[in-house]
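Reading the structure
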Amino acid sequence: MTATLRHHPPPTDKRRSLQDKPRLPRRWHYGLLALLVACLAVAGAVVPMVWDLLDVFDQLPKMAWFQDLLARSPAVSWSLMLVWGTSVSISLVALLSLRQGWQGVLLVGALTLWAVAWYLHMPHVEQCLALYGTGNICNTWQWVFTISLSLATALYMFVIFLLSLSALGLLFTQPDEATQE
């Protein structure tokens, strides 16, 4: 009975293909974790500049019908802005992990354009007090938008660093080198 429990089935083609992929040595895992933490720290300093950039985008011409549509229900508009921003981040991570190629790049680009267009046309979060009165909900919205933008900025910086390391050939090693360490 224990022999059947300990018996490992022969590797299938899918397992073999997973084993053939290049793996990072353990020291690279720690290095990438340190890079992610550094990106979070730098994002805290960069976020005010990102807000300034979004203010510059806000000066662009707008489609009145789309702006009126989003102004009808501001809370839903703000909630969906968080969804669109998160979808850009998730698709960016999927692009890196799944190596989707140009289709992934197009998806990230389309989602980014949609999120920016939505941001340009939605009511400003600062209007929350005028629309809904005083309360913690407006402070929560502003806090959530700041945290979301900070995390997205850190993720974008992390991806840029990963792409730079990959372009330099420093990120992935050969399978033989990874197993030796």
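Structure: see above.
Residue numbering note: each chain is counted from 1, following its sequence as written. Totals for whole chains, interfaces and linings use all residues, but because this is a predicted model, local features are given only for residues with pLDDT of at least 70 and pairs of side-chain atoms are given and counted only at 80 or more. The basis for every side-chain value is the complete set of heavy atoms in the structure, and neither hydrogens nor water enter the calculation.

**Some remarks on the packing of helix H5 (residues 74-98) against helix H6 (residues 102-121)**
- Angles run from 0 to 180 degrees between N-to-C directions of axes, and those axes are lines fitted to C-alpha atoms, restricted for helices to the stretch in contact. Runs of E in the DSSP output that reach at least two residues are strands. Runs of H or I that reach at least four are helices, and both are numbered from the N terminus. Contact geometry for H5 and H6: axes closest at 9 Å, N-to-C directions at 160°. Considering their axes alone, H5 and H6 lie roughly antiparallel with respect to each other. The two elements H5 and H6 meet at a crossing, and its hand is left-handed. Facing H5, whose interface residues are Ser77, Leu80, Met81, Trp84, Gly85, Ser87, Val88, Ser91, Leu92 and Leu95, H6 presents Gly104, Val105, Leu107, Val108, Leu111, Thr112, Trp114, Ala115, Trp118 and Tyr119.
- Ten residues, namely Ala, Val, Leu, Ile, Met, Phe, Trp, Tyr, Cys and Pro, are considered nonpolar, four, namely Asp, Glu, Lys and Arg, are considered charged, and the remaining ones, Gly among them, are considered polar. For the contact of H5 with H6, the residue count by class is 14 nonpolar, 6 polar and no charged. Should an angle lie under 35 degrees it is considered roughly parallel, over 145 roughly antiparallel, and from 65 to 115 roughly perpendicular; all remaining angles are considered oblique. What makes a crossing left-handed is the near helix being turned counterclockwise from the far one by less than a right angle; a clockwise turn instead makes it right-handed. Only heavy atoms matter for contacts: two residues are in contact if any of them lie within 4.5 Å across the pair.

**Some remarks on the packing of aromatic side chains**
- Note on aromatic contacts: the rings of Phe and Tyr and the six-membered ring of Trp form a pair at centre separations within 6.5 Å, being stacked when their planes are under 30 degrees apart, edge-to-face when over 60 apart, and tilted otherwise. Evaluation of the coordinates by the stated rule reveals 8 aromatic pairs.
- Between Trp114 and Trp118, the aromatic rings sit 5.6 Å apart at their centres with planes inclined by 50°, giving tilted as the arrangement. With Trp114 and Trp118 both in helix H6, this residue pair falls 4 residues apart, about one helical turn.
- Buried means the residue's accessible area, taken with a 1.4 Å probe over protein chains only, is under 20% of the maximum for its type, while exposed means over 50%, and partly exposed covers the values in between. By relative accessible area, Trp114 is classed as partly exposed at 37%.
- For Trp118, a relative accessible area of 7% translates into the label buried.

**A look at the pattern of salt bridges**
- Note on definitions: salt bridges are taken to be side-chain nitrogens of Lys or Arg within 4 Å of carboxyl oxygens of Asp or Glu. Applying the stated criterion across every chain yields a total of 1 salt bridge.
- Residue Asp58 pairs with Lys62 through a salt bridge whose shortest N-O separation is 3.3 Å.

**Points about the side chain of Ser77**
- Assignment of secondary structure puts Ser77 in helix H5.
- Among residues more than four places away in sequence, those in contact with Ser77 are Leu70, Trp118, Met122 and Pro123.

**Description of the state of the cysteines**
- Note on disulfides: each one is a pair of cysteine sulfur atoms within 2.5 Å. Per the counting criterion, the structure on display carries 1 disulfide.
- Across a sulfur-sulfur distance of 2.2 Å, Cys128 and Cys138 are joined as a disulfide pair. Torsion about the S-S bond of the Cys128 and Cys138 cystine: about -75°, corresponding to left-handed handedness. Taken together, the residues span a long stretch of sequence, with Cys128 in helix H7 (residues 128-132) and Cys138 in helix H8 (residues 136-167) at a distance of 10 residues. Each member of the pair Cys128 and Cys138 is classed as buried.

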